[in-house]
Amino acid sequence: MSSVRPLFVVAGIGNGTGTGAATASRLFAKSGYRVALISRGPEYLNKLATEISQAGGEAAAFPLNDYTTPSIKSAFAALKSHWPSSPLRVAVFNAGYGVWKPFLDITEDEVRESIDTNVLAAFAFSREALLEFTKLELETANEGGVAGNARKRGTLIFTGATASIRGNVLTSAFSASKFGIRALSQSLAKEFAKQNIHVAHSIIDGGIITDRTKSHHNNPSWEADQDVRLDPNSIAKSYLYLVEQDSSAWTWEIDLRPAHEKW
């Protein structure tokens, strides 16, 4: 029997049907982690926390009014106070703000919101997670997580997008901020690897099936065909794979796309 349960934190769960929710509720909660949910929208947060608990997991919601540095810092203080004996071992930054407009139509406020949510919030989230990781010894199997002998203090994962590696029509503001997250991830991966802290970045290249995308497509054939859209549960499995990697072979970046997505 595990003597302690490690802690998993995810920022950004949307409406509870996408990558953040799948990673938290359907996989890491079932893998022995206590789950801290950080996001705007308390309704979705509380609903997801309840669902995790009803399924036999352990979760708590830490709603934010915004993704400013003080709000994120406060959320981390609250989750550590909620579970003072649980070491934080996995942190996923899944928050985002998208702007898809012709360049000349983008407002200053939209640019600022994109940078604040996608870049500044990522810096603040990373800082809080890394401060916790650096306090820890290497994870041991008796914590009840999945790393075991992977020789890690913690794993920090950023959810990226196609826009992380190339710009396109209508993506100037979005790509600029997603490029920033990718650069941050790469820099942190190189800086903290020597402390046995694993930092990784995912490129989500394609549409993810969620309640919102189902409504947008309104196409049962698209929903049923796993070759043309990403499944949040499959993305979650890839994140778990990153956490399980031992220090002899770490992945910094992983790109995920359905089989029939254009490269």
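Just so you know, these numbers come straight off a predicted model, no measurement behind them. (Residues numbered from 1 in each chain as written. Predicted model: local features only at pLDDT ≥ 70, side-chain atom pairs only at ≥ 80, totals over all residues. Heavy atoms only, no water.)

Engineer: So what's going on with the overall build of the protein chain? Which residues, and what values?
Structural biologist: Along its length, the protein chain carries eight helices and seven strands. Looking at the protein chain residue by residue over its 263 residues, the buried ones come to 52%. Counting every atom, the protein chain has about 12,500 Å² of accessible surface; 51% of that belongs to carbon and sulfur. (Helix = DSSP H or I, 4+ residues; strand = E, 2+ residues; numbered from the N terminus. Buried < 20%, exposed > 50% of the residue type's maximum accessible area, 1.4 Å probe, protein only. Areas by Shrake-Rupley, 256 points an atom, 1.4 Å probe, with all protein chains shown as cover.)

Engineer: A description of the confidence of the model for the protein chain should follow, citing residues and the corresponding values.
Structural biologist: Residue-level pLDDT values for the protein chain average 89, and 90% of them are 70 or greater. The secondary structure element of the protein chain with the lowest average pLDDT is helix α6 (residues 211–217), at 68, and the one with the highest is helix α3 (residues 69–82), at 97. (pLDDT = per-residue confidence, 0-100.)

Engineer: Pulling in residues and values, what's your account of the sheet that holds strand β7 (residues 253–256)?
Structural biologist: The seven strands are arranged β3-β2-β1-β4-β5-β6-β7 in an open sheet whose pairing can be described as parallel. Each edge of the open sheet carries a strand with a single partner, namely β3 (58–64) and β7. Looking at each pair of strands side by side, their axes are set apart by 15° on average, direction ignored. Inspection of the sheet shows strand β5 (residues 154–161) paired to strand β6 (residues 197–204) by eight bridges, in the parallel sense. The partner of F158 across the bridge, within β6, is H201. Sheet contacts for helix α4 (residues 108–135): β1 (7–11), β2 (34–40), β4 (88–93), β5 and β6; angle to β4, the most-contacted strand, approximately 175°. Sheet strands in contact with helix α5 (residues 172–192) are β4, β5, β6 and β7, and its direction is about 155° off that of β5. (Pairing = 2+ DSSP bridges. Axes fitted to C-alpha atoms, helices over the stretch in contact; angles between N-to-C directions. Contact = heavy atoms within 4.5 Å.)

Engineer: I'd like to hear about the nonpolar core, residue by residue, with values.
Structural biologist: Counting 34 residues, the largest nonpolar core has V9, I38, F76, F93, F125, L156 and F158 as the members making the most contacts within it. Ranked by the residues each element gives to this core, the list is headed by α4, at seven residues. F158 has contacts with F93, A122, S126, I181, L184, S185, L188, V199, A200, H201, S202 and Y239, leaving out every residue within four places of it along the chain. The next biggest cluster of nonpolar side chains, apart from the first, holds 30 residues, and it includes L37, I157, A200 and L240. (Core = buried A, V, L, I, M, F, W, Y, C linked by side-chain atoms within 4.5 Å.)

Engineer: Summarise the packing of aromatic side chains; cite the residues concerned and give the values.
Structural biologist: Using the criterion set out here, one finds seven aromatic pairs in the structure. When the ring of F28 is compared with that of Y33, the centres are 5.3 Å apart and the planes differ by 65°; the resulting orientation is edge-to-face. Both residues of the pair, F28 and Y33, count as buried. Taking 5.5 Å as the distance between ring centres and 50° as the angle between the ring planes, the aromatic pair formed by F93 and F125 counts as tilted. In this pair, F93 is assigned in strand β4 and F125 in helix α4, connecting sequence segments 32 residues apart. One aromatic cluster is present, built from ring pairs that chain together F76, F93, F125 and F158. (Phe/Tyr/Trp six-rings, centres within 6.5 Å; stacked < 30°, edge-to-face > 60°.)

Engineer: Would you mind going over the pairing of β1 in detail, with residue names and values included?
Structural biologist: Counting buried residues along β1, five of its five residues qualify, which places the element largely inside the surrounding structure. Neither face of β1 is exposed, since L7, V9 and A11 on one face and F8 and V10 on the opposite face are all buried. Two strands pair when backbone bridges link them, and β1 and β2 are joined in this way by five bridges, in the parallel orientation. Directly across from L7, in β2, lies its bridge partner R34. In this sheet, β4 lies alongside β1 in parallel orientation, the contact comprising five bridges. Paired with V10 across the two strands is V92, which belongs to β4.

Engineer: I'd like a rundown of the environment of K190, residues and numbers included.
Structural biologist: Position of K190 relative to the elements: it lies in helix α5. You can call K190 exposed: its relative accessible area is 63%. Residues K190 and W252, spaced 62 residues apart in sequence, show a C-alpha to C-alpha distance of 9.1 Å.

Engineer: Can you lay out the side chain of S177 for me, pointing to particular residues and giving the numbers?
Structural biologist: Inspection of the secondary structure puts S177 in helix α5. Within the local environment of S177, its side chain forms a polar contact with the side chain of S114, the two groups lying 3.0 Å apart. Contacts of S177, omitting those with residues within four sequence positions, involve S114, N118 and V119. (Polar contact = N/O pair within 3.5 Å; in protein donor to acceptor, adjacent residues only side chain to side chain.)

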